[in-house]
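This is what each chain is made of:
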Amino acid sequence: MPLPLLTLQDIDKVYQNGTVALQGVNLTVHPGEFISLVGPSGCGKSTVLRLVAGLGTPTKGTMTWPGSTQQRNDLAFVFQDPALMPWANVVDNIYLPLKLKRQRLRSVRGSIQAAINTVDLNGYGQSYPRQLSGGMKMRVSIARALVTKPQVLLMDEPFGALDEMTRSRLNSDLLRLWREKNWTVLFVTHNIYEAVYLSTRVVVMAAQPGRVVANISIDAPQVRTDDFRTSPQFNHYCREIMTALSEAEAAGTGQKR
Ligand SMILES: Nc1ncnc2c1ncn2[C@@H]1O[C@H](COP(=O)(O)OP(=O)(O)OP(=O)(O)O)[C@@H](O)[C@H]1O
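Definitions and limits used
Residues numbered from 1 in each chain as written. Predicted model: local features only at pLDDT ≥ 70, side-chain atom pairs only at ≥ 80, totals over all residues. Heavy atoms only, no water. Buried < 20%, exposed > 50% of the residue type's maximum accessible area, 1.4 Å probe, protein only. Helix = DSSP H or I, 4+ residues; strand = E, 2+ residues; numbered from the N terminus. Pairing = 2+ DSSP bridges. Near = heavy atom within 4 Å. Polar contact = N/O pair within 3.5 Å; in protein donor to acceptor, adjacent residues only side chain to side chain. Nonpolar A, V, L, I, M, F, W, Y, C, P; charged D, E, K, R; others polar. Domains from an automatic or database assignment. Contact = heavy atoms within 4.5 Å. Buried area = accessible area lost by both parts, 1.4 Å probe. Salt bridge = Lys/Arg side-chain N within 4 Å of Asp/Glu carboxyl O. Axes fitted to C-alpha atoms, helices over the stretch in contact; angles between N-to-C directions. Left-handed = near helix turned anticlockwise from the far one by under 90°. Parallel < 35°, antiparallel > 145°, perpendicular 65-115°, else oblique. Disulfide = S-S within 2.5 Å.

A. Representation of the pairing of strand β5 (residues 75-79) within the structure. Taking every second residue as pointing to the same face, the buried face of β5 carries A76 and V78, while none of L75, F77 and F79 on the other face is buried. Across five bridges, β5 lies against strand β6 (residues 152-156) in parallel orientation. Residue pairing for β6: F77 is matched across the bridge by L154.

B. Focus on the site of the ligand. Residues in contact with the ligand amount to 14 residues; listed here are only the nearest, S41, G42, K45, S46 and T47. The separation between an oxygen atom of the ligand and a polar side-chain atom of S41 is 2.5 Å. In the environment of the ligand, an oxygen atom lies 3.0 Å from a nitrogen or oxygen atom belonging to the backbone of G44. When the residues that make up the shell around the ligand are grouped by side-chain class, the tally is four nonpolar, eight polar and two charged.

C. View of the domain arrangement of the protein chain. Segmentation of the protein chain into domains returns domain 1 (1-74 + 155-257) and domain 2 (82-149). The straight-line distance from the C-alpha centre of domain 1 to that of domain 2 is 27 Å. Counting from both sides, the interface comprises twelve residues of domain 1 and, opposite them, eight residues of domain 2. Taking both partners together, domain 1 and domain 2 bury about 850 Å²; carbon and sulfur atoms supply 66% of that area. Linking domain 1 with domain 2 are two salt bridges, by the criterion used here.

D. The environment of W178, seen in detail. By the secondary structure assignment, W178 is in helix α6 (residues 164-181). Residues W178 and E33 lie 145 residues apart in sequence; the distance between their C-alpha atoms is 9.3 Å. Non-local contacts of W178, meaning those with residues more than four positions away in its chain, are made with G32, E33, F34, W183, V185, T200 and Q222.

E. Main features of the environment of A83. Structurally, A83 is set in the loop between β5 and α3 (90-100). Between the C-alpha atom of A83 and that of T64, which follows or precedes it by 19 residues, the distance is 30 Å.

F. A look at the side chain of T47. Inspection of the secondary structure assignment puts T47 in helix α1 (residues 45-52). Non-local contacts of T47, meaning those with residues more than four positions away in its chain, are made with K13, Y15, A21 and L22.

G. Main features of the packing of α3 against helix α5 (residues 134-146). Two elements in contact, α3 and α5, have axes whose closest approach is 7 Å; the angle formed by their N-to-C orientations is 35°. The chirality of how α3 crosses α5 is right-handed. Two secondary-structure elements touch here, α3 through V90, N93, I94 and P97 and α5 through V140, A143 and R144. The residue inventory of the contact of α3 with α5, partitioned by class, reads five nonpolar, one polar and one charged.

H. Structural detail: the sheet that holds strand β1 (residues 6-14). With antiparallel pairing, three strands are arranged side by side in an open sheet as β2-β1-β4. Across the chains shown, the open sheet's two edge strands, defined by having one partner strand only, are β2 (20-29) and β4 (60-64). Mean inter-strand twist for the sheet, computed between neighbouring axes without regard to direction, equals 15°. Both β1 and β4 contribute to a ladder of four bridges, which runs antiparallel.

I. Up close: the packing of α3 against helix α4 (residues 105-118). Following both chains from N to C, one finds α3 and α4 inclined at 115°, their axes separated by 10 Å at the closest point. As the angle between them shows, α3 and α4 are arranged roughly perpendicular. Where α3 crosses over α4, the two elements pack in a sense that is right-handed. Contacts from V90, V91, D92, I94, Y95 and L98 of α3 reach α4 at L105, V108, R109, I112, A115 and I116. A per-class count over the contact of α3 with α4 returns ten nonpolar, no polar and two charged.

J. The state of the cysteines, seen in detail. If you walk through the whole model with that rule in mind, you get zero disulfides. Of all cysteine sulfurs, the one in C43 lies closest to C238, which takes part in no disulfide; the gap is 17 Å.

K. Spotlight on the environment of T28. Looking at the element boundaries, T28 is found in strand β2. Spatially, the C-alpha atoms of T28 and L5 are 7.8 Å apart, while their sequence positions differ by 23 residues. Contact partners of T28, with chain neighbours within four places excluded, come to P4, L6, T7, E33 and R201.

Written out as structure tokens, the structure is:
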């Protein structure tokens, strides 16, 4: 078994106003996993991602990167809001993280074009965000993350604002990229079906306090076809997650599994 990429041990996060966002969270992430965090609003999903990204520190507990400290620096974050600069075209938006690393546009044009091609936006490099659909803007946001060649991708409800068809297409594209790029992905979603379709493991969380109530491995081939979405196996996993969520809600506090 390879070393875990990341471990969270007994993590508490209490915000300054006293909100206990996380209590006793344990999570071990192995390289190459696609982990979705699901749970009701306020259960601390985004807080977990922010701690992993180093945007805040745990109040208690330890977070370690056993493989290499470098991996900690090879993170990219994709949010629900693509947060593109409206005054900049697609090339310049994707260039931003490289610009912040003081790389010259001239020397990274090839990487930017490759990222544009990877997300199927060939020909849109000179377009401005106002000229793009919601799905296309999200593709730019993903290209901006992948141009930095991350090992770990943190995605906070990236497709939550998109229509069902666009979301479904981006789900398939994301899975393809995950396989091609050997990413490790931590993905926050409210959508149980999306979580099952995408993940190798679904971490179910409950609120008040935010905690992990179940870890459900999705034992299905990495290439997920549309048939998988309608299979009995898919329904079985969705039901398992719904049961874990409703049991946690009924039980109030306390961990399970
Ligand atoms: N900066 C902050 N200061 C105080 N409380 C916060 C802060 N950020 C989050 N919280 C609180 O911590 C709890 C967990 O929030 P978090 O955003 O992590 O949950 P979430 O599961 O991602 O929610 P959602 O699904 O609605 O996005 C919530 O009660 C929230 O109000």
